[in-house]
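Structural overview for review
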Amino acid sequence: MNQFGSLLQLYRAREGMTQQQLADFSAMSVRAIRDLERGRAERPRRDTVRLLAEALRLDDRRREAFERAARPAPAGDRAHLTDLHLVDEPREGAYEYATMLLEALSADSGDGDWADALNDMAKQNWRLVTVDRGVAFMERRLAHV
């Protein structure tokens, strides 16, 4: 595992996301996420790094560290190393994520329809982010981390 892969895995875990959730929120494949975390992809493209940083909701300092880790360091350049202490600072505004398969909900099933389910989630402070191929992606801000 390389430095970028380690940082990606750490940020993803701190956000409470699975590889599948990060893939869904970044419009990437699970395989791409897995390969990046394992260091199989040596130099991620800038667009890839940007999509991941947005999906992980990185603040400016963490985004900068994340972007630096994605670039190869010149030989012997220790100043290039990412400041990993940025990862351990208390986070304000952390989120948790959920997905809901809308096709599984119908009024005929006795569970109510998907609109009822989304309204119930909203009452629990979940916010609908997007719907893609019958899957609702939701998030909510954590009160305390």
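For every chain, the first residue of its written sequence is number 1, and the numbers climb from 1 along that sequence. For this predicted model, a pLDDT threshold of at least 70 governs which residues receive local features, and a threshold of 80 or more governs which side-chain atom pairs are given and counted, while totals over whole chains, interfaces and linings are taken from all residues. With hydrogens and water set aside, each side-chain value is computed from the structure's full complement of heavy atoms.

What follows deals with the overall build of the chain. Assigned secondary structure in the chain consists of 7 helices and 3 strands. For the chain, the α and β elements follow one another from N to C terminus as α-α-α-α-α-α-β-α-β-β. Here the contacts in the chain between residues at least 6 apart in sequence split such that 61% fall between residues at least 24 apart. Carbon and sulfur atoms form 46% of the exposed surface of the chain, whose accessible area is close to 9000 Å². Elements are defined by DSSP. Helices are runs of H or I of four residues or more, strands are runs of E of two residues or more, and each kind is numbered from the N terminus. Pairs of residues are marked as contacts when any of their non-hydrogen atoms sit within 4.5 Å. Here, Shrake-Rupley sampling with a 1.4 Å probe gives the accessible areas, and only protein chains in the shown set may cover a residue.

Below, the discussion takes up the pairing of strand β3 (residues 135-141). Two strands pair when backbone bridges link them, and strand β1 (residues 95-101) and β3 are joined in this way by 7 bridges, in the antiparallel orientation. Paired with Tyr 97 across the strands is Glu 139, a residue of β3. Pairing between two strands is assigned when DSSP locates at least 2 bridges connecting them. Examined bridge by bridge, strand β2 (residues 127-132) and β3 share 5 bridges and lie antiparallel to one another. Its bridge partner lying in β3, Thr 130 is registered against Phe 137. Here β2 hands over to β3 after 2 residues, with Arg 133 in that stretch at a positive phi of 50°.

It is worth spelling out unusual backbone geometry at this point. Its identity is not glycine, yet Arg 57 carries a phi of approximately 55°, on the positive side. Looking at the element boundaries, Arg 57 is found in the loop between α4 (46-55) and α5 (60-70). Since its relative accessible area comes to 37%, Arg 57 is described here as partly exposed. Exposure is judged per residue with a 1.4 Å probe applied to protein chains only, and the accessible area is read against the type maximum: over 50% gives exposed, under 20% gives buried, and values in between give partly exposed.

Attention now goes to the pattern of salt bridges. We define a salt bridge as a side-chain nitrogen of Lys or Arg found within 4 Å of a carboxyl oxygen belonging to Asp or Glu. Here the structure, examined in full by the defined rule, presents 8 salt bridges. Across the salt bridge formed by Arg 31 and Asp 35, the nearest N and O atoms sit 3.8 Å from each other. Residue Arg 31 and its partner Asp 35 are located together in helix α3 (residues 30-38), separated by 4 residues, close to a single helical turn. Assessed through its relative accessible area of 17%, Asp 35 is described here as buried. Salt-bridge contacts for Glu 64 lead to Arg 68; the nearest nitrogen and oxygen are separated by 3.2 Å.

Chain-level statistics for the chain give a pLDDT mean of 76 and a share of 75% at 70 or above. For every residue, the pLDDT score states the predictor's confidence, bounded by 0 at the bottom and 100 at the top. Taken together, the stretch residues 76-90 has pLDDT below 50 and engages in 24 contacts with residues farther than four places along the chain or on a different chain.

Now for the nonpolar core. As used in this record, nonpolar core signifies buried Ala, Val, Leu, Ile, Met, Phe, Trp, Tyr and Cys residues forming a set joined through side-chain atoms within 4.5 Å. Counting 22 residues, the largest nonpolar core has Phe 4, Leu 8, Tyr 11, Leu 22, Leu 52, Leu 56 and Phe 66 as its most contacted members. Looking at this core, the elements that each hand over two or more residues are α1 (3-14), α2 (19-26), α3, α4, α5 and β1. Each residue touching Leu 56, except ones within four places of it in the same chain, is listed here: Leu 8, Tyr 11, Arg 12, Glu 15, Met 17, Leu 22 and Phe 66. Among the nonpolar cores identified, the runner-up in size contains 9 residues, and Ala 98, Leu 118, Met 121 and Ala 136 belong to it.

This paragraph deals with the packing of aromatic side chains. Each Phe, Tyr or Trp ring (for Trp, its six-membered ring) is paired with any other whose centre lies within 6.5 Å, and the angle between the two planes then decides the class: stacked below 30 degrees, edge-to-face above 60, tilted in between. Summed over the entire model, instances satisfying the criterion amount to 2 aromatic pairs. Note on Phe 4 and Phe 66: the rings are 4.7 Å apart at their centroids and 40° apart in plane angle, and the pair reads as tilted. On the criterion of sequence distance, the pair formed by Phe 4 in helix α1 and Phe 66 in helix α5 is long-range, its members being 62 residues apart. By the burial criterion, Phe 4 is buried, and Phe 66 matches it.

Our focus in this paragraph is α2. Taken together, the buried positions of α2 are Gln 21, Leu 22, Ala 23 and Ser 26. Contact partners of the buried residues in α2: α1, α3, α4 and β1. A positive phi of about 60° marks Ala 27, the residue just after α2.

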